[in-house]
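# Understanding the architecture of this molecule
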Amino acid sequence: MVYFVGAGPGDMELITVKGMKVLQNADVVIYTGSLVSGNILAYCKEGVQVYNSAEMDLPEVIEAIQQGVDQGKSVVRLHTGDPSIYGAIREQMDELGKRGIEFEIIPGVSSFVAAASRVKAEFTLPGVSQTIIITRKEGRTGSSEGGKLSELAKHRASMAIFLSVQSIGQVVEELLTGYDEDTPVAVVYKATWPEEKIIRGTLKDIAEKVAEEKIDRHAQILVGDFMGSEYELSKLYDASFSHMYRRGKE
Ligand SMILES: C[S@@+](CC[C@H](N)C(=O)[O-])C[C@H]1O[C@@H](n2cnc3c(N)ncnc32)[C@H](O)[C@@H]1O
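Residues numbered from 1 in each chain as written. Predicted model: local features only at pLDDT ≥ 70, side-chain atom pairs only at ≥ 80, totals over all residues. Heavy atoms only, no water.

Note the cut-off: UniProt positions are given in the numbering used here, feature names are shortened, and annotations may be inferred rather than shown by experiment.
As recorded in an unreviewed UniProt entry, the protein chain goes by the name Precorrin-4 C(11)-methyltransferase, listed as coming from Formimonas warabiya. The Pathway (unreviewed entry) field of the UniProt record for the protein chain holds the comment "Cofactor biosynthesis; adenosylcobalamin biosynthesis." Word for word, the UniProt comment on the protein chain under Sequence similarities (unreviewed entry) is "Belongs to the precorrin methyltransferase family."

So, in structure tokens, the structure goes:
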């Protein structure tokens, strides 16, 4: 059997129980060495065969999976965060599908929610934003129709920007077409790793602060008034609000 497993953002205790169990049982593990903390391999049994996919291309990854399957082994393809977000799993799943190889996906804690936990924020605040945009600045992978940061900024939603901190100056420039310059920004480098860094600022000063800290990879850029001080209290816990499970007080 083949499992695509989300390893979580870094802290080895942030993998799911289900993910940990298949990792403990795995005979072959192919992990994204550039971002998955090697510590997580401590869950594996002795003698496990480990591949670092950072050094492999797609045909090599598929070949390693195929070999494991042919030998009746349990194969884990370990991805950082959650595999469904910038995980490049679709091309692997399609290839396995063509070969008739069955697989299961076990989700993980994505780095954007890990980053929110580290800055102690809630993305969805009443009266501020009920929408989260997960995106990246276009790089070698272009943006899709309507997906440019400057277009997305017009929604003034809570935003989590992946894979873009190396271009923080351009990111800020594009965001300023929609957000005000005093909009809060947090850059979270390696959220939940021992070397984690959190840089807080606004669209006005964040680029300078990030340059001072020399952060050019492995970071989340969180943007929006959800990190500000104003919001409305929720209806759900309002004492006068009745719902299926609770009668509101007069
Ligand atoms: C190829 S994407 C993989 C994202 C992953 N699937 C997820 O759900 O978090 C790599 C990017 O995710 C972000 N990232 C991954 N782990 C991170 C962490 N621990 N802290 C901050 N950002 C992280 C960075 O923007 C990095 O450039």
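### Some details on the layout of surface pockets
Using the following cut-off: Grid points spaced at 1 Å and placed over the protein atoms alone form the basis of the search, with a cavity being a set where a 1.4 Å probe fits but cannot get out and a pocket an open set showing protein on both sides within 12 Å along at least five of seven lines. Lining residues have an atom within 4 Å of a point. Grid points are joined across faces, edges and corners, and a volume is the space filled by probe spheres set on the points. Helix and strand labels come from DSSP, where a helix needs a run of H or I of at least four residues and a strand needs a run of E of at least two; each type is numbered from the N terminus. Each residue gets one label: Ala, Val, Leu, Ile, Met, Phe, Trp, Tyr, Cys and Pro are nonpolar, Asp, Glu, Lys and Arg are charged, and the others, such as Gly, are polar. Start and end positions for the domains come from either an automated domain assignment or a database one.
Volume-wise, the largest pocket comes out at about 980 Å³. Forming the boundary of the largest pocket are 37 residues, of which Thr32, Leu35, Thr80, Tyr86 and Leu163 lie nearest the centre. Sorting the residues of the lining of the largest pocket by element identifies helix H2 (58–70), strand S4 (75–79), helix H3 (90–98) and strand S10 (219–223) as the ones contributing at least two each. Taken together, the residues of the lining of the largest pocket sort by class into 16 nonpolar, 14 polar and seven charged. In this structure, the lining of the largest pocket is formed jointly by two domains, domain 1 (2–106) and domain 2 (111–227), each of which donates at least three residues.

### Thoughts on the side chain of Lys137
The condition that has to hold: Categorising residues by exposure relies on relative accessible area from a 1.4 Å probe, with only protein chains included: less than 20% of the type maximum marks a residue as buried, more than 50% marks it as exposed, and the intermediate range marks it as partly exposed. By the criterion applied in these results, polar contacts are pairs of N or O atoms within 3.5 Å in which, for protein atoms, one can donate a hydrogen and the other can accept it, and in which residues neighboring in sequence qualify only through two side-chain atoms. It only takes one pair of heavy atoms within 4.5 Å for two residues to be counted as in contact.
Within the secondary structure layout, Lys137 lies in the loop between strand S6 (132–136) and helix H5 (149–152). A relative accessible area of 9% means that Lys137 is categorised as buried. One polar contact links Lys137 to Glu174, side chain to side chain, over a distance of 2.8 Å. With residues up to four places along the chain from it excluded, the contact list for Lys137 reads Leu149, Ile161, Phe162, Ser164, Ser167, Gln170, Val171 and Glu174.

### Let's talk about the sheet that holds strand S3 (residues 49–52)
The test is simple: For two strands to pair, DSSP has to find at least two bridges joining them. Axes, fitted as lines to C-alpha atoms, cover a helix only where it is in contact. Angles between the N-to-C directions of the axes lie from 0 to 180 degrees.
Sheet architecture is open: five strands sit in the order S3-S2-S4-S1-S5, paired in parallel fashion. Edge positions in the sheet fall to S3 and strand S5 (103–106), since each of these pairs with one other strand and no more. Each neighbouring strand pair of the sheet contributes to a mean axis angle of 20 degrees, computed without reference to strand direction. In this fold helix H1 (residues 17–25) packs onto strand S1 (2–6), strand S2 (28–31), S4 and S5, with an angle of close to 135 degrees to the strand it touches most, S5.

### Examining the site of the ligand
Going by this rule: Here a residue counts as near a molecule or strand whenever at least one of its heavy atoms sits within 4 Å of it. Exposure was quantified through the Shrake-Rupley algorithm and a 1.4 Å probe, taking into account, for residues, occlusion by the shown protein chains and nothing else. For this analysis, a molecule is said to be in a pocket or cavity if more than half of its atoms are within 2 Å of the grid points defining it.
Taken together, 18 residues form the shell around the ligand, and within it Ile85, Ser110, Ser111, Ala191 and Ala219 come nearest. Between the ligand and Ile85 there is a distance of 2.7 Å, counted from a nitrogen atom to a backbone nitrogen or oxygen. At 2.6 Å, a side-chain N or O of Ser111 approaches an oxygen atom of the ligand. Within the complex, 92% of the 570 Å² of free accessible area of the ligand lies under protein. Spatially, the ligand is embedded in the largest pocket. In the shell around the ligand, the residues fall into 10 nonpolar, six polar and two charged. Each of domain 1 (2–106) and domain 2 (111–227) accounts for three or more of the residues forming the shell around the ligand.

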